Amino acid sequence: MNRIIDIFSFSEETPLLFTQISFWIFFALVYLIYAVVYKKKWLRISYLFIVSLLFYYKTSGLFVGILLFSTINDFFLGKGIYNAKKVITKKILVGISVFINLATLCYFKYAYFFTNSFNSLFKTDYEVVNHLALWTNTISQYDYFTVDSIILPVGISFYTFQTISYSVDIYRKQLQPLNNIIDFGFFVSFFPQLVAGPIVRAADFIPQINTKITISKNDFGKAVYLILVGLIKKMIFADYIAANFLDRVFDAPEMFSGFTNIMALLGYSLQIYGDFSGYTDIAIGVALLMGFQLPKNFNSPYKARNCGDFWKRWHISLSTWLKDYLYIPLGGNRNGTVASYIICLSFLALLLIALQSYTYTFIIVGIIISAMVLCLIFPKIIKHFNTNINILLTMLIGGLWHGASWKFVIWGGLNGLGILTYKYWRRISPYEKSKNAISLAWKIGVTFLFITFTRVYFRGNSMEHISKQYYQIYYNMNLDNALQLLLEYKSVFTVMLIGYIAHWLPYSFKEKSLNLFISSHYFIKLIISVIVAVLCYQTYAADFQPFIYFQF
């Protein structure tokens, strides 16, 4: 009984993670009640809304208030946008919605980033103060919150993007607002995907709210299959190699050879895929057990043949969100807009502040002036710039979405340059339309290596660690000890090899395995589930590995 009370009580030490038994006890109890109430729509939605709030409270404590604020704010603004008679009123209301959502996100996620940039520019020494916490403590007369730091609420980037898309879609007349705030609250807070996605569009999810719930044998089999696959990806292919090899290399890259650092980068590509796609698989499976469809978020990304193709396969819900609500409004591939140039200049200004170097400032200003002169001499260059600037800006902002640090901006910018490089290379490549196996393998291999080596900015603990890692790779490969390393960590590299082989298996094989599992007897499903559970918990580390995308 005490264990159950602990599961439903907030504790920073025991968050509800898909990889812990506490979550599955929680879900089993929730599902038992759900089996009784699911037939009545109002009861089903109200129950799941309460459960979702409880789940978020268990994960983030009193930050559930921020989630409720976002829910109430966008519910009423959505109705206001829809009912407004004048276009200007609609624009003002949707602008307010976007501003409030982004301001809330920036306050919690980018306060340190902007404060440090301001201090660098004006030579001040301002410190971040959590004014919201200070205000709450003053009102309550109790010190509930720490005022000298701002803690990032889990999942705020995901549900903020969902509420923004709701308001914008109503403004675009692609969606009618919900009349019931409980329905809207359920859409925003549905617990399987609340803290790490996938980002759900209102137009895709809201129609399911009023649909009669039916869970077929196929749905049940697919849901269990996805949950099992997700657990394998996370606990074996991600957590095991991280705990036993990756973390120690990334924490002190200068202590390991260049070859070891390269193997760590290759391992990290598998870890982050197993971690994030594993979470998504489990989230989709859990939602499907309750009769709700969540969007596919990964499509074998390491089979991508170029950088653009990769971003159509990786974190699909974010990529499509950025395309529909940022890239296209900025002008897409047609032209650069005033907003495009303002954002571009803002990034350059922040970069110059961060560098704090007259040399780099002169170099960057020189490049800008040279580019302007070339545009005057060769007008066609302007067209190329205008049609490509939005791709680069979208990737830069996508990088900043992942974290309030320049290393994430650099990572996003490198991916943007990768997309642009391929855009021009394909025009002259003699192998662009080739379906030869060697040609395809080459494209996939080059893309994979590019994605892997740029991820050093994503995973590196700091710019100093990143520079040390690159230094070791370039100047201290130490291939003489490569075989010794492979033998010493043979279990880790065996898991990595199996993981990549599994990823690169043909779609037809994966589809057959799914259909075979779905068509199998319930007893067979139970046996397979027990085997997977035993295998996963045999590799379970004493210090649990939180899902990587929780930090975003």
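This text goes with the structure placed above it.
Heads up: these notes are all about the structure in this document. Every value quoted in this text rests on a predicted model; they were computed, and no experiment measured them. (Residues numbered from 1 in each chain as written. Predicted model: local features only at pLDDT ≥ 70, side-chain atom pairs only at ≥ 80, totals over all residues. Heavy atoms only, no water.)

1. Looking at unusual backbone geometry
Working step 1: Positive phi is not limited to glycine here, since K173 has a value of about 65°.
Working step 2: Within the element layout of this structure, K173 appears in the loop between α8 (156-171) and α9 (181-189).
Working step 3: When its relative accessible area of 72% is taken as the criterion, K173 is described as exposed.
Working step 4: We note that H315 has phi near 45°; this positive angle belongs to a residue other than glycine.
Working step 5: Secondary-structure assignment places H315 in the loop between α13 (307-313) and α14 (316-327). (Helix = DSSP H or I, 4+ residues; strand = E, 2+ residues; numbered from the N terminus. Buried < 20%, exposed > 50% of the residue type's maximum accessible area, 1.4 Å probe, protein only.)

2. Observations concerning the pattern of salt bridges
Pairing is possible between side chains that carry opposite charge, provided their charged atoms lie close to one another.
Working step 1: Evaluated as defined, the whole model comprises eight salt bridges.
Working step 2: R459 serves as the salt-bridge partner of D247, at 3.3 Å between the closest nitrogen and oxygen. With D247 in helix α11 (residues 217-251) and R459 in helix α20 (residues 456-459), this pair connects stretches of sequence that are 212 residues apart.
Working step 3: When its relative accessible area of 21% is taken as the criterion, D247 is described as partly exposed.
Working step 4: One salt bridge connects R313 with D309, and the closest N-O pair in it is separated by 3.2 Å. Of the two residues, R313 and D309 are both situated in helix α13; the distance of four residues between them amounts to about one turn of the helix.
Working step 5: Accessibility expressed as a relative area gives 13% for R313, which makes it buried.
Working step 6: Salt bridges here are not isolated pairs; linked through shared partners, they connect K234, D239 and D275. (Salt bridge = Lys/Arg side-chain N within 4 Å of Asp/Glu carboxyl O.)

3. Considering helix α21 (residues 463-475)
Because the α-helix completes a turn every 3.6 residues, residues three or four places apart line up on one side.
Working step 1: The first and last C-alpha atoms of α21 sit 18 Å apart over 13 residues, in line with the 18 Å expected at 1.5 Å per residue.
Working step 2: All of the buried residues along α21 are H465, I466, Q469, Q472 and I473. End-on, the buried residues of α21 take up no more than an arc of 125°, which puts them together on one face. Opposite the buried face of α21, at more than 90 degrees from it, the exposed residues are Y474 and Y475.
Working step 3: Tucked inside the fold, the buried residues of α21 contact α11, α12 (258-289), α18 (406-428), α19 (437-454) and α20. (Expected span 1.5 Å × (residues − 1). Arc of directions from axis to C-beta. Contact = heavy atoms within 4.5 Å.)

4. Here's the deal with a positive patch on the surface
Working step 1: A cluster of like positive charges, contributed by K312, K323, R426 and R427, occupies part of the molecular surface.
Working step 2: Look at K312 and you get exposed, because its relative accessible area is 64%. (Patch = residues over 30% accessible without salt bridge, like charges linked within 9 Å, V, L, I, M, F, W, Y side chains within 5 Å. Areas by Shrake-Rupley, 256 points an atom, 1.4 Å probe, with all protein chains shown as cover. Lys, Arg positive; Asp, Glu negative; His and termini not counted. Charge placed at Lys NZ, Arg CZ, Asp CG, Glu CD.)

5. Side note on the nonpolar core
Working step 1: The biggest cluster of nonpolar side chains holds 144 residues, and the ones touching the most others in it are F23, F245 and F292.
Working step 2: The contact partners of F292, leaving out residues within four places of it in the chain, are Y34, R44, I45, L48, F186, F190, F205, Q208, I213 and A287. (Core = buried A, V, L, I, M, F, W, Y, C linked by side-chain atoms within 4.5 Å.)

6. Side note on a nonpolar patch on the surface
Working step 1: Residues F523, I524, L526, I527, I528, V530, I531, V534 and L535 make up a contiguous nonpolar surface patch of about 780 Å² in total accessible area.
Working step 2: The residue I524 is located in helix α25 (residues 522-538) in this model.
Working step 3: Judged by relative accessible area, I524 falls into the partly exposed class, the value being 39%.

7. Quick word on the packing of aromatic side chains
Working step 1: Evaluated as defined, the whole model comprises 56 aromatic pairs.
Working step 2: A centroid spacing of 5.0 Å and a plane angle of 40° characterise the contact between W321 and Y325, whose relative ring orientation is tilted. Separated by four residues within a single helix, W321 and Y325 lie in helix α14, roughly one turn from each other.
Working step 3: Residue W321 is classed as buried on the basis of its relative accessible area of 6%.
Working step 4: Over the ring of W401 we find K109; its NZ or CZ atom is 5.0 Å from the centre of that ring. (Phe/Tyr/Trp six-rings, centres within 6.5 Å; stacked < 30°, edge-to-face > 60°. Lys NZ or Arg CZ within 6 Å of the ring centre and 35° of its normal.)

8. Focus: helix α24 (residues 507-519)
Working step 1: With 13 residues, α24 should reach 18 Å at 1.5 Å per residue; the first-to-last C-alpha distance of 18 Å fits that figure.
Working step 2: For α24, every residue scored as buried is listed here: L514, F517 and I518. All buried residues of α24 lie within an arc of 100° about the axis, which places them on one face of the element. Residues of α24 that are exposed and point more than 90 degrees away from the buried face comprise K512 and L516.
Working step 3: Where α24 is buried, its residues meet α11 and α25.

9. As for the packing of α11 against α24
Working step 1: The N-to-C vectors of α11 and α24 enclose an angle of 120°; their axes lie 8 Å apart at closest approach. For the element pair α11 / α24, the angle class is oblique. For the pair α11 and α24, the sense of crossing is right-handed. Across the interface between the two elements, K217, N218, G221, K222, V224, Y225 and L228 from α11 touch K510, S513, L514, F517, I518 and S519 from α24.
Working step 2: Of the residues contributing to the contact of α11 with α24, the split by class is six nonpolar, four polar and three charged. (Axes fitted to C-alpha atoms, helices over the stretch in contact; angles between N-to-C directions. Parallel < 35°, antiparallel > 145°, perpendicular 65-115°, else oblique. Left-handed = near helix turned anticlockwise from the far one by under 90°. Nonpolar A, V, L, I, M, F, W, Y, C, P; charged D, E, K, R; others polar.)

10. So, the packing of helix α2 (residues 21-37) against helix α3 (residues 41-60)
Working step 1: Here α2 crosses α3 at 165°, and the two axes come no closer than 10 Å. Judged on the interaxial angle alone, α3 and α2 are roughly antiparallel. As α2 packs across α3, the resulting crossing turns out to be right-handed. Note on element contacts: α3 touches α2 through L43, R44, Y47, L48, V51, L54 and F55, opposite F23, F26, L29, V30, I33, Y34 and V37.
Working step 2: Residues belonging to the contact of α2 with α3 are distributed by class as follows: 13 nonpolar, no polar and one charged.

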